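Here are the chains, one letter per residue:
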Amino acid sequence: MNILTLIPLFLGNLRGSEILIIALIILLLFGGKKIPELMRGIGKGVKSFRQGMNEINNEVNRDNDSSGKTDSANEN
């Protein structure tokens, strides 16, 4: 069985109390001062990922638009 198919099964069973316990463990492991830095790093990573995805989408759309123009020019 693929590990990627097991991840949603694990995350789907978490309830409020389990999430609270996990958050407390993270607080104990990293401390109160490190958590904002950790979250800031995660936020920057997500922002970078989104920018990359937007750039890829823009490039694909640009390629599709330019190929559509050349196809319509060839038909005339």
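Note: the structure precedes this text.
Residues numbered from 1 in each chain as written. Predicted model: local features only at pLDDT ≥ 70, side-chain atom pairs only at ≥ 80, totals over all residues. Heavy atoms only, no water.

Draft legend 1. Expanded view of the overall build of the chain. The helix and strand tally for the chain stands at three helices and zero strands. Seen in sequence order, the chain has helices and strands lined up from the N terminus as α-α-α. Looking at the chain residue by residue over its 76 residues, the buried ones come to 1%. (Helix = DSSP H or I, 4+ residues; strand = E, 2+ residues; numbered from the N terminus. Buried < 20%, exposed > 50% of the residue type's maximum accessible area, 1.4 Å probe, protein only.)

Draft legend 2. Molecular detail of helix α2 (residues 16-30). Between its first and last C-alpha, α2 extends 21 Å over 15 residues, near the 21 Å set by a 1.5 Å rise per residue. One or two residues past the end of α2 sits Gly 31, with phi positive at roughly 85°. (Expected span 1.5 Å × (residues − 1).)

Draft legend 3. Inspection of a nonpolar patch on the surface at higher detail. A cluster of nonpolar side chains, namely Ile 21, Ile 22, Ile 25, Ile 26, Leu 29, Phe 30, Leu 38, Met 39, Ile 42 and Val 46, defines an oily patch on the protein surface of about 880 Å² accessible area. Mapped by element, the contributors of at least two residues to the nonpolar patch are α2 and α3 (34-75). A per-element tally of the nonpolar patch places α2 first, with six residues. With respect to the secondary-structure elements, Met 39 resides in helix α3. (Patch = residues over 30% accessible without salt bridge, like charges linked within 9 Å, V, L, I, M, F, W, Y side chains within 5 Å. Areas by Shrake-Rupley, 256 points an atom, 1.4 Å probe, with all protein chains shown as cover. Salt bridge = Lys/Arg side-chain N within 4 Å of Asp/Glu carboxyl O.)

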